[in-house]
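Okay, here's what each chain looks like letter by letter:
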Amino acid sequence: MKISERLRAVIFWSIDYIKGGIKKKYAKEIQFVNENPKLKKAIEIKDEALENILDHVVNTTKYYKKFKSYNSINDFPIVDKNSIIENRKDFFSNQYPLLEKFKVSTSGSTGTPFEVYHNKTKKLRNIADNLYFSKKAGFKLGFRLTYFRMWKAFEQKSKWKKIIQNIVPVDVFELQNDQYKSRIISDLSKSKVSNSWLGYASAFELICKFLDKKKVAINPINKLKSAIAISESLNEYTKQRMKTYFNVTVVSRYSNVENGIIAQQPLNEDYFLINEASYLIEILDLESNELVNKGELGRIVVTDLYNYAMPMIRYDTGDLGIKDIVDGISVLKKVYGRKIDAIYNTKGEVINVNLMLLVNKYPELKQCQLIQKSAGVYHLKLNTSKEFLRLEEFINKLKYYLGSQAIITFEYVNEIPLLASGKRRVIVNEMNLNS
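One structure accompanies this document, and this report is about it. Within every chain, residues take consecutive numbers counted from 1 along the sequence as written. Thresholds applied to this predicted model are a pLDDT of at least 70 for local features of residues and 80 or more for the giving and counting of side-chain atom pairs; totals over whole chains, interfaces and linings are not thresholded and use all residues. In computing side-chain properties, one takes all heavy atoms of the structure into account and sets aside hydrogens as well as water.

1. Quick notes on the environment of alanine 375
Logical step 1: By the secondary structure assignment, alanine 375 is in the loop between β16 (367-374) and β17 (377-383).
Logical step 2: Overall, the relative accessible area of 66% leaves alanine 375 in the exposed class. Each helix is a run of H or I in the DSSP string that is no shorter than four residues. Each strand is a run of E no shorter than two, and both are numbered from the N terminus. The cut-offs for exposure are 20% and 50% of the maximum accessible area for each residue type, with area from a 1.4 Å probe on protein chains only; residues under the lower value are buried, those over the upper are exposed, and the others partly exposed.

2. Concerning the pattern of salt bridges
Logical step 1: Salt bridge, as applied in this entry: a Lys or Arg side-chain nitrogen positioned within 4 Å of an Asp or Glu carboxyl oxygen. Within the structure shown, the criterion is met by 16 salt bridges.
Logical step 2: A salt bridge links lysine 209 to glutamate 205; the shortest N-O distance between them is 2.9 Å. Of this pair, lysine 209 and glutamate 205 are both found in helix α9 (residues 201-214), four residues apart, which corresponds to roughly one turn of the helix.
Logical step 3: Judged by its relative accessible area of 44%, lysine 209 falls in the partly exposed class.
Logical step 4: Across the pair glutamate 393 and arginine 390 runs a salt bridge whose closest N-O atoms are separated by 3.7 Å.
Logical step 5: Linked by salt bridges that have partners in common, Arg88, Lys103 and Glu115 make up one network.

3. Comments concerning the environment of arginine 6
Logical step 1: Turning to its location among the elements, arginine 6 is positioned in helix α1 (residues 3-18).
Logical step 2: Classification of arginine 6 by relative accessible area gives exposed; the value is 51%.
Logical step 3: Once the C-alpha coordinates of arginine 6 and glycine 142 are considered, the two residues, 136 residues apart in sequence, prove to be 6.2 Å apart.

Here it is in structure tokens:
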């Protein structure tokens, strides 16, 4: 590590020490539990965390108070985004005034805007989770982190924070421009510091395909120390080409904004190690709330052990997965997020980003679905409890990506139906049906 990189790490841990060393404490506990999940001490830590959060919710929230006489977590209901949104105030703990909460907003790939509040302990826990799992992928505090994301859909980091955290934000929409991709490769090649990448799997794939198209000599750019793919499925092509072009092993991370890091692949493995230190993960039947057998596909249901401000007990993430045992440890063998159809802009170019992330900015929407009807023609389905007053603004944001000449119609609906799989498509391409 360079001196500047080590200095950033020293400053980070020094500030943590001055503030009581909470992040260091959590990071050590997270490492211990996740690396020794079957030890008696680790089991005791997990059991205590679960008991504490369940006792907390039945005593401090309106939604869960009816379950005070519970015997186990199985006595609690399954909740999802819609049930939380509809009963939002009832999920807040009365122990946390507004000033002690930290808001996070997401739509994931669901087309449903979702605001969740974290307490300070939960926020610090997420930082510690991030430190642990990033280190497992090869990242160290102080490395320069290039973060590939659809940044216009999320809160922007200040210039000062980007400098402090050594983050270089890259908007994935710009990756459609070959000159932009070329500049990223050039900057990495010339870099004198340790670099890591974090971002959508599709962003890494676009860069690799760009290098394929350029037919560059197979001479790896040995400047990447780690690469973590998020939000989307990481395919074998991208894994192999990232190794070829950058001599780095990409790992896939399963996480969401409302909770945090749920699981992550170890280096050179396809399964996901579950973050048992911070979450309880259940895999439930597609049609009922019964646990599935080992190796069977089911709904991924998460109990967040550390969000005391807005507790989420048995939260149905909307994703599907398979739980199994590897080397005596419970893992996620497969994770299936929502799939979106490829749609095209008015120039006929494929859009490689999930435009429904834009609904992060519109919490008044319950659900949203974008349908491409034909070339340059699109239709929005909006589920909202009242008239959507920012409709024109939303359509203009969509036109930024689809093209100014895009024809976008809309309708209000009561519900966007689920597929037989239990998933809801948020971006649909009907062009082939209409041709």
